[in-house]
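A structural walkthrough
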Amino acid sequence: MAVEITEEFVWQSIPPRARDSHKGTFGSVLAVAGSAFYRGAALLAAEGALRTGAGIVTLASVEPVVSAAVTRLPECCLCPCKEGAQGGIAPENVPLLRRQKATVLLLGPGLGGTAQSAARAAETRTLVQQLLPGFAGAAVLDADGLNLLAAHPQWYQYLGEHVVLTPHIGEMSRLSGRTIQEIQHEIADTALKCAAETGSVCVLKDACTVIADEKGQMYLNLSGNSGMATAGSGDVLSGILAAVLCMYLKTEEQPPMVLKAALGVYLHGLCGDLAAAEKGKRSMLAGDIIEYLPKALAIGEEESGL
């Protein structure tokens, strides 16, 4: 049975920040993201995680991305990586990445793939294949990580209930082998099937985003608007989701991953609605979603004393 996400439900579910908290209380995100071709994706994801309240965010990427982060995100920790083909993160960085302590792994935004070259696609494939299985915490798999999963369905063995997948309709078409039209007509069933086959939480992004897990629990999100149909919006969502997963690190009760993912999706849409109300939909940028994160979270603090 599907549950529609409401504002009241969200603010009742997000845990308060205790007065004696420190940055370790709110977890750490390791964002393995970006390449010379896609610098902005990494920055949007990292900033989304920071603004949503993650205690520490470490961005692991190549020099052009790291240099951009130095000036735009001084609060972000950096893990410079050696470049591979077409300015991507080389697989030889995996030992370095494994040494980074993190609560949540954010993997995929802007890594690059077949759009650059076969060599870039091969290196991204090796990076994801080696990094995802060895990570002990929760993980958000997005963008190029999902495209690789579609090309290598045997990788489902690396997934599980600790992983959140965030495909849009096109990525789900590649994952499922179904047409976009078929998915749009049966979006809930498609999300449930993906969750059942992978054992992971599936966030199937559309005008009505469906969040489902392998147990059949499902949430429907109606926050957000057409102005969010812009490049980088999904990168921001991946950062928000990673930070929301960190919120429960020190709480006594651990809600299911599907609920945590639903909260992140709603928050992302709420920021889009706040941005649209003041800036309009046509000119909205992904960065506008981040800009309104403080206002959105302040609403929650007022509503529930967070």
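Residues numbered from 1 in each chain as written. Predicted model: local features only at pLDDT ≥ 70, side-chain atom pairs only at ≥ 80, totals over all residues. Heavy atoms only, no water.

**So, the packing of helix H2 (residues 39-52) against helix H3 (residues 63-72)**
Two measures define how a pair of helices packs: the angle their axes make with one another and the distance between the axes. What counts is decided by this rule: Orientation is described by lines fitted to C-alpha atoms, with helices fitted over the stretch in contact, and by angles between N-to-C directions that extend from 0 to 180 degrees. Only runs of H or I of at least four residues qualify as helices and only runs of E of at least two qualify as strands under DSSP, and these elements are numbered from the N terminus. For this classification, under 35 degrees means roughly parallel, over 145 means roughly antiparallel, 65 to 115 means roughly perpendicular, and everything else is oblique. Left-handed describes a crossing in which the near helix is turned anticlockwise from the far one by less than a right angle; the clockwise case is right-handed. In what follows, residue pairs with any heavy atoms lying within 4.5 Å of each other are defined as contacts. Throughout this entry, Asp, Glu, Lys and Arg are counted as charged residues, while Ala, Val, Leu, Ile, Met, Phe, Trp, Tyr, Cys and Pro are counted as nonpolar. The remaining residues, Gly among them, count as polar.
The N-to-C vectors of H2 and H3 enclose an angle of 45°; their axes lie 9 Å apart at closest approach. The pairing of H2 with H3 is recorded here as oblique in orientation. Crossing geometry of H2 relative to H3 is assigned as right-handed. In contact with Arg-39, Ala-42, Leu-43, Leu-44 and Glu-47 of H2, H3 contributes Pro-64, Val-65, Ala-68, Ala-69 and Arg-72. Of the residues belonging to the contact of H2 with H3, the class tally is seven nonpolar, no polar and three charged.

**Brief notes about the pattern of salt bridges**
So the rule is basically this: One speaks of a salt bridge when a side-chain nitrogen belonging to Lys or Arg is within 4 Å of a carboxyl oxygen belonging to Asp or Glu. Only protein chains enter the accessibility calculation, which uses a 1.4 Å probe. A residue is then buried if its area is under 20% of the maximum for its type, exposed if over 50%, and partly exposed in between.
Taken as a whole and assessed by the stated rule, the structure comprises eight salt bridges. One salt bridge in this structure joins Arg-120 and Glu-123, with 2.9 Å as the shortest N-O distance. Taken as a pair, Arg-120 and Glu-123 lie in helix H5 (residues 118-131) at a separation of three residues, close to a single helical turn. You can call Glu-123 partly exposed: its relative accessible area is 21%. Glu-278 is the partner of Lys-295 in a salt bridge, and the nearest nitrogen-oxygen pair spans 2.8 Å. A residue pair is termed long-range when its members are at least 10 positions apart, and Lys-295 in helix H13 (residues 293-304) and Glu-278 in helix H11 (residues 257-279) qualify at 17 residues. For Glu-278, a relative accessible area of 52% puts it in the exposed group.

Remember that the coordinates give geometry; whether it matters functionally is a separate question.
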